[in-house]
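# Descriptive analysis of the structure
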Amino acid sequence: MAITCRTEDRSLYAAIEGELDHHRAREILAELDRQLDLELPRRLTLDLGGVSFMDSSGIAVLLRAYHRMNGLGGRLRVIHVPQQADRVLRAAGLDRLMELE
Amino acid sequence: MKPINEAMVSFLSRSANEGFARTAAASFAAQLDPTLDEVNDIRTAVSEAVTNCIVHAYPDSLGLVTLRLRLYGDNTLEIQVKDKGVGIPDVEQARQPMYTTGGADRSGMGFTIMESFMDKLRVRSTPGRGTVVTMRRRIARRAGAAG
């Protein structure tokens, strides 16, 4: 699985691993949606530390997470953003929408 | 200007080939002795162009995508991604940030990423006949690099 999730005290932690491209984004989005529906968390932490490559498919995943957490009245944190992914996310202006740590 | 080296590869528009196309372009670019950041920019731009073919050019079928890589004497890499798919009715609109016909799974940022990571981007499309995306990126010569 490209995404591993665990929940504690209504905080959902999701670690994404490998190449986040169009080929794998659908599986990641589906699992993320499933976990959000199941847990209705107050906080979502997306850990990108294991992402070896990301293109604009990753932007769609982060935007989905952002909008879903807004809908739940919760907070999104994006942590361990690798350099290559960071360049993609900044080129798309996502650093103005969410904190990239 | 004539290219000093050229490579071409065609593959089916299956999403599993996105990674293959990135790796092929990065391998060809290696002869320019690029930095890790430069290689990553190339991989990212190729990924966007090839994904567009897979998602948009051949929405309900499989078709051929051709990746052509050219190297010029001034250390410029030219990447061309070509399909014979449905084409883009309005290229200018398609290039706008956040514009997508791909639904909620797509961000509409593909062309924006290609533009910001490459020096030049040209998109030519004929509805019903296909699309050609040509990108150029000059790789800085590094001190001590073999010529």
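Summary of the structure given here.

Thresholds, definitions, all that
- Residues numbered from 1 in each chain as written.
- Chains lettered and ligands numbered in written order.
- Predicted model: local features only at pLDDT ≥ 70, side-chain atom pairs only at ≥ 80, totals over all residues.
- Heavy atoms only, no water.
- Helix = DSSP H or I, 4+ residues; strand = E, 2+ residues; numbered from the N terminus.
- Buried < 20%, exposed > 50% of the residue type's maximum accessible area, 1.4 Å probe, protein only.
- Contact = heavy atoms within 4.5 Å.
- Areas by Shrake-Rupley, 256 points an atom, 1.4 Å probe, with all protein chains shown as cover.
- Lys, Arg positive; Asp, Glu negative; His and termini not counted.
- Charge placed at Lys NZ, Arg CZ, Asp CG, Glu CD.
- Expected span 1.5 Å × (residues − 1).
- Patch = residues over 30% accessible without salt bridge, like charges linked within 9 Å, V, L, I, M, F, W, Y side chains within 5 Å.
- Salt bridge = Lys/Arg side-chain N within 4 Å of Asp/Glu carboxyl O.
- Pairing = 2+ DSSP bridges.
- Axes fitted to C-alpha atoms, helices over the stretch in contact; angles between N-to-C directions.
- Right-handed = clockwise from strand over helix to strand, strands pointing away.
- Phe/Tyr/Trp six-rings, centres within 6.5 Å; stacked < 30°, edge-to-face > 60°.
- Lys NZ or Arg CZ within 6 Å of the ring centre and 35° of its normal.
- Buried area = accessible area lost by both parts, 1.4 Å probe.
- Polar contact = N/O pair within 3.5 Å; in protein donor to acceptor, adjacent residues only side chain to side chain.

### Side note on the overall build of chain B
Per the secondary structure count, chain B includes 4 helices and 5 strands. Counting helices and strands in the order they occur from the N terminus, chain B gives β-α-α-β-β-α-α-β-β. For chain B, the C-alpha atoms occupy an extent of roughly 50 × 30 × 25 Å along the three principal directions. Relative to its full complement of 147 residues, chain B shows a buried share of 50%. Contacts spanning at least 24 positions in sequence make up 67% of the contacts within chain B whose residues lie at least 6 apart. For chain B, the accessible area works out to roughly 7200 Å², and carbon and sulfur atoms hold 50% of it. When the 19 positive and 16 negative side-chain charges of chain B are each reduced to one mean point, those points stand 7 Å apart.

### Here's the deal with helix H1 (residues 22-39) of chain A
A rise of 1.5 Å per residue sets the reference length of H1(A), with its 18 residues, at 26 Å; its end C-alpha atoms lie 26 Å apart and thus fit the reference within 8%. Among the residues making up H1(A), those that are buried are A:His22, A:Ala25, A:Ile28, A:Leu29, A:Glu31, A:Leu32, A:Asp33, A:Gln35 and A:Leu36. Residues of H1(A) that are buried make contact with strand S1 (3-8), strand S2 (11-20), strand S3 (43-54) and helix H2 (56-71) of chain A together with helix H1 (17-29) and helix H2 (36-57) of chain B. In the segment just after H1(A), A:Leu40 is the residue with positive phi, at about 40°.

### A closer look at a nonpolar patch on the surface
Residue and element names in this part refer to chain B. Together, Leu12, Leu62 and Leu64 line one region of the surface with nonpolar side chains, adding up to about 260 Å² of accessible area. The residue leucine 62 is located in the loop between H2 and strand S2 (64-71) in this model. With a relative accessible area of 42%, leucine 62 lands in the partly exposed category.

### Some details on the sheet that holds strand S4 (residues 75-79) of chain A
Pairing is mixed in the open sheet, where 4 strands are placed in the order S1-S2-S3-S4 (chain A). Both edges of this open sheet fall to S1 and S4 of chain A, since each of them pairs with a single strand only. Recorded for the sheet is a direction-independent mean angle of 15° between the axes of neighbouring strands. In this fold H2(B) packs onto S2 and S3 of chain A, with an angle of close to 100° to the strand it touches most, S3(A).

### Considerations on the pairing of S3(A)
Residue and element names in this part refer to chain A. Bridge analysis of S2 against S3 gives 9 bridges, and the strand direction is parallel. Note on S3: the bridge partner recorded for glycine 18 is valine 51. With H1 bridging S2 and the parallel S3, this β-α-β connection has right-handed handedness. Taking the sense of rotation as the criterion, the β-α-β connection linking S3, H2 and S4 turns out right-handed.

### Quick notes on the packing of aromatic side chains
Summed over all chains, the structure comprises 1 aromatic pair over all chains. Both rings, one in B:Phe11 and one in B:Phe20, keep their centres 5.8 Å apart while their planes meet at 85°; by these two values the pair is edge-to-face. Here the guanidinium or amino end of A:Arg6 rests over the ring plane of A:Tyr13, the centre of that ring lying 4.2 Å away. A cation sits over an aromatic face here: A:Arg87 above B:Phe117, 4.8 Å from the ring centre.

### Notes on the interface of chain B and chain A
Between chain B and chain A, the contact holds 26 residues from the first and 22 residues from the second. Surface buried jointly by chain B and chain A totals about 1900 Å² across both partners, of which 50% is contributed by carbon and sulfur atoms. Looking at the side of chain B facing chain A, the largest losses of area belong to B:Arg22, B:Asp105 and B:Ser107, adding up to 24% of the total buried there. Counting every contact that joins chain B to chain A gives 6 salt bridges. Of the charged contacts, one joins A:Arg87 and B:Asp41 as a salt bridge, the two residues approaching to 2.7 Å between their closest N and O atoms. There are 15 residue pairs in polar contact (both at pLDDT 80 or more) connecting chain B and chain A. If you list the elements that add at least two residues to the side of chain B that touches chain A, you get H1, H2 and helix H4 (110-117) of chain B.

### As for H2(A)
Residues and elements named next belong to chain A. Its 16 residues give H2 an end-to-end C-alpha distance of 23 Å, which sits within 8% of 22 Å, the value for a rise of 1.5 Å per residue. Of all 16 residues making up H2, 12 are buried, and the element is well covered by its neighbours. Among all positions of H2, only Ser56, Ser57, Gly58, Ile59, Ala60, Val61, Leu62, Leu63, Arg64, Ala65, Tyr66 and Met69 are buried. The positive-phi residue at the C-terminal boundary of H2 is glycine 73, with phi of around 70°.

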